Structure formats: structure tokens, C-alpha cells
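A look at the structure
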Amino acid sequence: MKAITLIAASAVSLAAAAQTPVYLDESAPITDRVADALSRMTLEEKVALSHAQSKFTSPGVPRLGIPELHMSDGPHGVRAEVNWNDWGYAGWTNDSVTAFPALTALAATWNPSLAASYGKAVGEEALYRDKHVMLGPGLNICRTPLCGRNFEYLGEDPYLTGELAVPYIQAMQNQGVAACVKHFAVNNQETWRDNVDVVLSDRALYEIYLPAFRRAVQDGGAWSIMGAYNQIWGEHCCHNARLLNDILRGEWGFDGCVITDWGGAHDTRQAALNGLDLEMGTYTDGLQSDNSLGYEYYYLANPYLDLIRKGEVPMEVVDEKAGHVLTLIFRTAMNRNKPWGSMCTPEHYATAKAIGDESIILLKNNGLLPLLPDKAGRVLVVGDNATRRLTDGGGSSELKPKDYITPLDAIRAKYGAENVAYARGYMAGPPVWGQDIPVPRARLDSMRAEAVAMAKDADVVIYIGGLNKNATQDCEGVDRVKYSLSYDQNTLIDEILDANPNVVIANISGCAYEMPWIKRAPAVMHISYLGTMGGASIADAISGDVNPSGKLPYSIPVRLADCGAHASGQEVCFPGVENAVPDINRGMAPQVEYQEDILVGYRWHDTKKIPALFPFGHGLSYTKFDYGKLTLSDKNLNGDGTLTATISVTNAGPVAGKETVQLYIGDDKCSVLRPVKELKGFEKVTLAPGETTEVTFTITPDDLKFYDPATSQWTVEPGKFTIYIGASSTDIRAKSTFNYSK
Ligand code: GLC
């Protein structure tokens, strides 16, 4: 009997050994795989999963064959390889990539299908570079034009941001690459970013600053999210009980992994108990003292292990944390069904070009544009940004492009090099991290004089200046210090306009800036950072080979004081006041108050009746669009019903073009303050000359609701609502009203 039992037992164990462990079985539900893996792991292995092992990697479980996670910036493409243990670049020669346009450019396209193409392409390049988690997209709302990182975000409106974030995330994750949406939450400035405590109402939080993150989680299915550096309610976002446990997990049902911003963790107990899963970047970037003690001294390393062994962290919390990291690994690094990726392909370049083409916003045009190549005559290009590689600098979103077409090169190719002269006109210092190295005034004066002299001899001048990625321009870690352009550009522009009436202003920037010369400038384009194909998009838009269709994703105030964040002029509203509240990290922290509350951007301009220089949603075309009559399916919307709003749009001009039809809804009478109108829908249509199409929007009660802090519910009061159909938030082409009843 014994022999038979032994044989049977060994057969069973062989069979068991031959059977794939559940955690390695890709056909098994991920929850089962996680449970099985946890059952096999030691406590030390579970703790190791929750903190970095290098600058941009976290460990797997070597003993079980569970691979490590490789992460990379940034939202606009795969960052060049960074050293294992510090911020320095590794100097590889195989990590040049496609530099896609900045996310404000994507936002300016108002084109969700381009957002999907964008996410797919970045995902493919991440795969090729063996990255599992891409640290983006950034979903913070543009509250002030001075925020250094507006160029990494999708503008001032939560609906537009969400509509473009979802397809980007879905398409990237379809490649088996995780998006890590950031910076969660209310990281709307760079000044004191590592600990400023943000004070805002729950209405502003839920109606303006959270919706895009909620969409990213609930509709985009984001696999990871990055806690912001700042504080809310006196707690750092990276380990904030209400933000992470109550809202992200409790209200939204997030099943992914919460990752710190690099250096965003500051306390073991809070990190252990307030919803953080993976600590990155501590002690390695100046946000904390550079600590040579190594990764075992991270908050979620030995100090965490000690807390667990003292019984102060329940094992189910330890398993939940490790489980979220394992889930991320199973979805990405251990996902054998994902494609192989590709790099710098014609398709990726075409995607970058298409986004660039559709992002260029024609703010003003007296007819000087399009500048037809056979009629342009002697062209003078002026401006540092005509030749500067604008993928350099700006912080963590910096890229090393394999190719970069400058506007000057593209314009010379378009108009004939012999017809195109260049004068730099001004210059900015090199993109040294955290610096905007001043240029001697004498140098600027002589450059300006040269450009103005040359302008006198040109038939047309194309001015390509704006901001750049230096500190105090469009750059992480430091906000802009003024709303106006730097390097005496306004003087230069004025003097060029004195010298020549035919000037195309084609400035490049990641957000709004002051335009004192706007009345004199015959044609003005607003262009974001477009990356590899940027110059080609700019030359095509100027020449008319591309008909501009971009629409502003943020307002351009006449002056900074017209912006809600700056209207009061109080420092407490921006950037805040120092030493205001306790901070677990630095003793005391600054505090900033969002006193404009829900009235951000056009919501402020409309409600306070302060016209923007150029309003949210504005963008002209080389053709003309006529809107027909607005018809509603019903004048009443009841309970959970829906109604449709339909309008025809006709291309009444000479060339094909794209128009973004925008739907805004206003609650005409409410017991609480509400903006005059809010964006609730949009559709971008392509029309040949003479062509007409119909656009139909479906409106539901959810489109009417506001957040009620008293009940922590979204609600709507019965009454009259107005529908606005616009070519921008102020260029309203049709209006109608309907009545809502419960
Ligand atoms: C930076 C940025 C974040 C970036 C991370 C890694 O401080 O805030 O956006 O992804 O660290 O570079």
C-alpha cells in the first residue's frame, strides 16, 4: 500500500508542479493571480514592491519570476534614458524618439480621435523602449496662465480635458502600457509645489479639478495615478486619506496603483494607511535631502516594515498595497499579449503632424493669410523659436527627438530658401534646468536692430517668438513671473510693425500671454509646442496647405488681472502665502486659496462680464462656417429623460475646413452660484466648400447638475436652462431654452 501511496503522491506533486501556478496563468482573472502571488510572497517581498529600486523602476519578485516595473516620462513621448540612481541622462544612443505635440496642442485640436492616435503612438514607442508605465497624461486644469506646466495639460475646462484624456489613455493601455494620470490633485502651480496647501471649496474640487481624473479612472480605466506634491486639507496628496481612500477608491472605484510624484512621500504612517501604493523618487531630486542611505530607507521600506511588525499596519492593508502593484505588473510587464511596439515610424510622424496641423489656432486674420508661396515675395522670418529646439527643457517632459523640423527650415522649403531671410531678433539663454540665463541687453538691442532693418526690405515678415522651456517660461518647477513676453519681444514686435505692415505673428507658447500689439498685427496664430513635425505644421498653416482648425483650450485674458486667480490681486490667491500651515515635511507650508472658486477661465469671464482678448473655444479658419437653426426634440426634459439639440453647419467659404461646434448649457435660475454657461459637448466636422452637415447633441440631466457639498451629491434644480451653440464660448450662433422638471 505504502509504495502505491508514494507513487500516487509523487504523481500528484508532479502534476501540481507541472500545472502553471495561478499567478503565472495569463488566462486567470488578475484578482486570482494577485491572490495566488501574495500567498507565495514573504512580508519583505510585499514591502519591497511598494518602493523604488532605482530612479524609474520598482522591483518585482525575483524569486517568483515576477518582473520589475520600468517607468518613463512623459506625456509627449518617451523621455531619454535616465541614470539608474540619479536625474542625469544615461547618454544612450538608441533612445531618440518621436516628440509629439504638447498636450495643450492636443487640447487645441478638440479631436478625440487624434487623442486616441496620440495615446496609441506613445504607447507603441514606450513598448519599443521597454517601458511599462508612462507618466502622463497630465490632467490638471489651467487655473492661471502663469503656471509653469500648463503646456503639459489640456486647458481650463474639465469636460474638454476629460473628453481628450479618455481616448488617449484607452489607446495607450490597449498597447499594454499603463497611463499614470497626474498630478492628482489640484496641482495648478509650480511655486512651492512640493508642499503648498490648496484651499478650495468642494464645489470647485468636484466641478472643476476632479472631473477629468474621474473620467480617466471610470471611463479611461487608468491603471495608475500619480499623487501630486501639494497638500489639500493639510495632507500631502501622495498619502491623503480623503483624496485617495474616500474619493479615488471609495467614490470612483479605482482598482489601479497610486504612485507618488517623485519625492512626494513624507511620512511612513500616512503612506502606509492613506492609500499610497508605490513610493518613487524620495531622497533623489532635491525635493528631499539627497540621501545616500539608499532605497531601504524610503518611507515604504524599512520604516514601513518596522510599523507592520509592530502591528500598526493591518496585513490586509499590506496585501492591498502590494496587490495594486502586482495588478499593475500583471497588466503590463507580465502581459505577454501586448504588441512589440515601434519607434519613429512614418505613422508616428504622421500622427504628430496631424495633431500639430489641427492644433494651430488662427486668432486673427485681416486677409494676409494664407501666404501663398507664389505670391509671398521676399519673406523675412524673425524669432528665436524659428530655430530653437523646443523639446529641450521644460522639466520632466523633455524629449530627445530623432528628428526635429524647425519652422525656419520648413518655411524655406515651402517658399524657396532663396526667398526667405532670417533674423533671430532676440534670443533666450540655453535650456539649463531651472534657469533662464539672461542675455545682455546690448546683445538684445543689436539683434533687434538687425531684424528691424531687415524687415524694411521684406515683402512680409513671419515672427516666430513666444515662450520657451526655460525657467519662468513654460517649465516645471517654477512658474512664470509675468504675463508678458520676455527678451523685449514686445518692443521688437512693435518695431517690426513700424517697419513693415505685413507681419504674421506665429508665436509658440504653452499658454496665454499678453498681446499689447494685437490691434496692429494683421494676422496672429497661437501655436503650442509641436515637437518633431512642428515646423512642417506651421509652414503648412501659414501657406494654406493646412487650413487652421484649432480652438483655444484656455482663455487669453487681455491682462492678468482679468483672470479669476489674479483678480483680487491678493497673494493668497496666487501663489499663496508662506509659513501658513503646518507641514509634515518642512515644519510649515504655504497656503493658496482658490477664491475664484468654480469660476475658472471662461466661467469667470462670462459671469463677471470681463471679456477675454480671445475667448475659450475661439479659432478662425481660411473658410467661413454658417450655422443653421437650432432645433430641440422637446422643450421639456423630465426625470431621467433626454432631449436632442440639432443644428446644421455649412462651409460657406472657398476652401475645405474643419469646424468645432460647441454646446454650452446654462442654468438660468439656481439657488447657488453657477457659471453663465458650461461646455457640455462638442463635435469637430470636416466640410468641403458648400457642404452642409447636421450636428446633434443628446442632453441628459447629468449635463445640468452641480455638486452640492451639503449632501455630497450631484443635483439639479427644476427650471429653465439655455442651450448655446457656439463657434467659441462667446461666438454664439444659436440659442434655445428648455425646461427641466424632476
Ligand atoms: C517630476 C514631475 C512628474 C514626473 C516625475 C518623474 O517631479 O512632477 O510629472 O513624472 O517627477 O520625472
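The residue numbering used here restarts from 1 in each chain and proceeds along that chain's sequence as written. Per-residue local features are limited, in this predicted model, to residues with pLDDT of at least 70; the limit for side-chain atom pairs, both in listing and counting, is 80 or more; totals at the level of whole chains, interfaces and linings are taken over all residues. Excluded from the side-chain calculations are hydrogens and water; all other atoms, namely the structure's heavy atoms, are used.

Starting at the N terminus, helices and strands are each numbered in turn, a helix being any DSSP run of H or I of at least four residues and a strand any DSSP run of E of at least two. The secondary structure content of the protein chain amounts to 18 helices and 28 strands. Here the globule rule reads 2.2 Å times residues to the power 0.38, and the radius of gyration is calculated from C-alpha atoms. In summary, the protein chain has a C-alpha radius of gyration of 27 Å against a globular reference of 27 Å for 742 residues, a match within 12%. Expressed along its principal axes, the backbone C-alpha trace of the protein chain runs to roughly 105 × 65 × 55 Å. Between buried and exposed lies partly exposed: a residue is buried under 20% and exposed over 50% of the maximum accessible area for its type, with that area taken using a 1.4 Å probe on protein chains only. Per-residue burial for the protein chain yields a buried fraction of 62% across its 742 residues. In what follows, a contact means two residues having at least one pair of non-hydrogen atoms within 4.5 Å. Taking as baseline every contact in the protein chain between residues at least 6 positions apart, the subset at least 24 positions apart corresponds to 75%.

This part covers the domain arrangement of the protein chain. Each assigned domain of the protein chain is listed here: domain 1 (1-28), domain 2 (41-80 + 97-331), domain 3 (360-543) and domain 4 (623-742). Taken over C-alpha atoms, the centre of domain 2 sits 34 Å from the centre of domain 4. For any pair of parts, buried area is found by adding up, for both, the accessible area (1.4 Å probe) each one loses once the two are put together. The largest share of the area that domain 2 buries against domain 4 comes from W110, Y159 and R203, three residues that together contribute 53% of it. Throughout this description, the term salt bridge denotes a Lys or Arg side-chain nitrogen within 4 Å of a carboxyl oxygen of Asp or Glu. Connecting domain 2 to domain 4 are zero salt bridges. An automatic or database domain assignment supplies the start and end points of every domain.

Right, let's talk about the pairing of strand β21 (residues 643-651) for a bit. Note: two strands are recorded as paired if DSSP finds a minimum of 2 bridges between them. When strand β18 (residues 625-627) meets β21, the two strands line up antiparallel, connected through three bridges. Paired with Y627 across the two strands is V649, which belongs to β21.

Turning our eyes to something else, we now look at the state of the cysteines. Note on terminology: pairs of cysteine sulfur atoms within 2.5 Å are recorded as disulfides. Applying the stated criterion to the full structure yields zero disulfides. Here C142 stays unpaired: no disulfide links it, and the sulfur of C511, its closest cysteine neighbor, is 6.5 Å away. C238 carries a free sulfur, and the closest cysteine sulfur to it, the one in C237, is 7.0 Å from it. Residue class for C238 comes out buried when judged on its relative accessible area of 0%.

This brings us to the environment of V313. Among the secondary structure elements, V313 is positioned in the loop between α11 (302-309) and α12 (315-331). Judged by its relative accessible area of 4%, V313 is buried. In the structure, V313 is positioned 216 residues away from Y529 in sequence and 46 Å away in space, judged by C-alpha atoms. Apart from the residues lying within four places of it in its own chain, the contact partners of V313 are A272, L273, Y304, L307, I308 and V318.

When the charged atoms of two side chains with opposite charge come close together, those side chains can pair. Scanning the model with the defined rule gives 52 salt bridges in all. Notably, a salt bridge pairs D277 with R249, separated by 2.6 Å at the nearest N-O pair. Placement of D277 in the loop between α10 (268-273) and α11 and of R249 in helix α9 (residues 241-251) is noted, with a sequence separation of 28 residues between them. The same class applies to D277 and to R249, which are both buried. As a salt-bridge pair, E678 and R674 come within 3.6 Å of each other at their nearest N and O atoms.

Looking only at helix α16 (residues 489-499), the buried set comprises Q489, N490, L492, I493, I496 and L497. Taken end-on, α16 shows its buried residues confined to a sector of 160°, consistent with a single buried face. Against β11 (379-382), α15 (441-456), β13 (460-463) and β14 (503-508) lie the buried residues of α16. Here, the arc refers to the directions that run from the helix axis to the C-beta atoms.

Here we take up the side chain of H618. The residue H618 is located in the loop between α18 (602-607) and β18 in this model. Taking the relative accessible area as the measure of exposure, H618 reaches 13% and is therefore buried. Here H618 is in contact with I361, L362, L363, G550, K551, L552 and S728, once residues within four sequence places are set aside.

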